[in-house]
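Per-entry structural report
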Amino acid sequence: MGKYCASLGVLKGPWDQVFAAFWQRYPNPYSKHVLTEDIVHREVTADHKLLSRRLLTKTNRMPRWAERFFPANVAHSVYILEDSAPGAGRWHRNPPCGRGLVGEVKREAWVSSSLFGVSRAVQEFGLARFKSNVTKSTKGFEYVLARMQGEAPSKTLVETAKEATEKAKETALAATEKAKDLASKAATKKKQFV
């Protein structure tokens with residue numbers, strides 16, 4: 001028996017662009033941990049739905065308690081089977097929130113383990129990791145979609161942090177110069193009164 005989790009997200013844009021972005025979402029600045037993606041199986045069903053199964057290889061650090069059970073080379077990558085059926089979700093032309101074309105994206109994860117003695121811990125860890133990665137996944141998808149739509153993608157956290165660091169350095173440098181200037185003026189006034 002495994003653990004299950006689902007997440008519902010919203011993507012803005014025409015269906016054809018969102019559909020294309022889905023297949024081109026790697027690489028992006030939010031998914032540097034995705035090493036490979038391979039199509040294992042793809043078919044169009046009798047009711048004209050595209051079903052796809054892909055194998056993704058990702059770097060994914062195991063919790064420290066689990067590293068002792070696996071060789072060092074295994075502890076740093078995981079394999080994910082991704083089943084998708086694009087078009088199975090709902091698409092709204094005039095949603096009540098007034099955002100133009102909006103699509104709902106449902107992400108689901110089933111995590112199971114048969115490792116004797118630690119299967120529950122592995123399942124809980126996998127579910128927690130899935131939940132924490134949903135936000136990064138959505139950001140990466142939006143990044144790719146914005147690029148496809150010719151818009152400037154939102155900045156990544158790393159880019160924002162670098163800009164903040166540079167601005168902080170500039171502010172510190174300006175404060176240092178101002179402090180030196182004030183100290184110099186104070187020293188000059190002190191000499192005048194002595």
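Looking at an unreviewed UniProt entry, one finds the protein chain named PRELI domain containing 1, with Pavo cristatus as its source organism.

Listed in full, the eight residues of the largest apolar core are Leu11, Val18, Ala21, Phe22, Val105, Phe141, Val144 and Leu145. For Phe141, the residues in contact, after removing those within four places along its chain, are Leu11, Val18, Ala21, Phe22, Arg25 and Arg107. Counting six residues, the second largest nonpolar core, distinct from the first, contains Ala109, Val111, Leu127 and Phe130.

Here the focus is the sheet that holds strand β4 (residues 77-84). Strand order in this open sheet of three strands is β2-β3-β4, and the pairing throughout is antiparallel. Of all strands in the sheet, those bounded by a partner on one side alone are β2 (34-44) and β4. In this sheet, neighbouring strand axes are inclined to one another by 15° on average, regardless of whether the strands run parallel or antiparallel. Where β2 and strand β3 (residues 50-59) come together, nine bridges link them in antiparallel fashion. Paired with Glu37 across the bridge in β3 is Leu56. The strands touched by helix α1 (residues 15-23) within the sheet are β2, β3 and β4, with β3 carrying the most contacts at an inclination of about 45°.

Turning our eyes to something else, we now look at α1. Residues Val18, Ala21 and Phe22 constitute the buried set of α1. Mapping the buried residues of α1 onto a view down its axis gives an arc of 105°, with all of them on the same face.

Glycine aside, residues mostly have negative phi angles, and peptide bonds mostly take the trans form. With an omega dihedral of 0°, the bond running from Tyr26 to Pro27 counts as a cis peptide bond. Despite not being glycine, His48 has its phi angle at roughly 65°, a positive value. Structurally, His48 is set in the loop between β2 and β3. Under the relative-accessibility criterion, His48 is labelled exposed at 70%.

How each quantity is defined
- Residues numbered from 1 in each chain as written.
- Predicted model: local features only at pLDDT ≥ 70, side-chain atom pairs only at ≥ 80, totals over all residues.
- Heavy atoms only, no water.
- Core = buried A, V, L, I, M, F, W, Y, C linked by side-chain atoms within 4.5 Å.
- Buried < 20%, exposed > 50% of the residue type's maximum accessible area, 1.4 Å probe, protein only.
- Contact = heavy atoms within 4.5 Å.
- Pairing = 2+ DSSP bridges.
- Helix = DSSP H or I, 4+ residues; strand = E, 2+ residues; numbered from the N terminus.
- Axes fitted to C-alpha atoms, helices over the stretch in contact; angles between N-to-C directions.
- Arc of directions from axis to C-beta.

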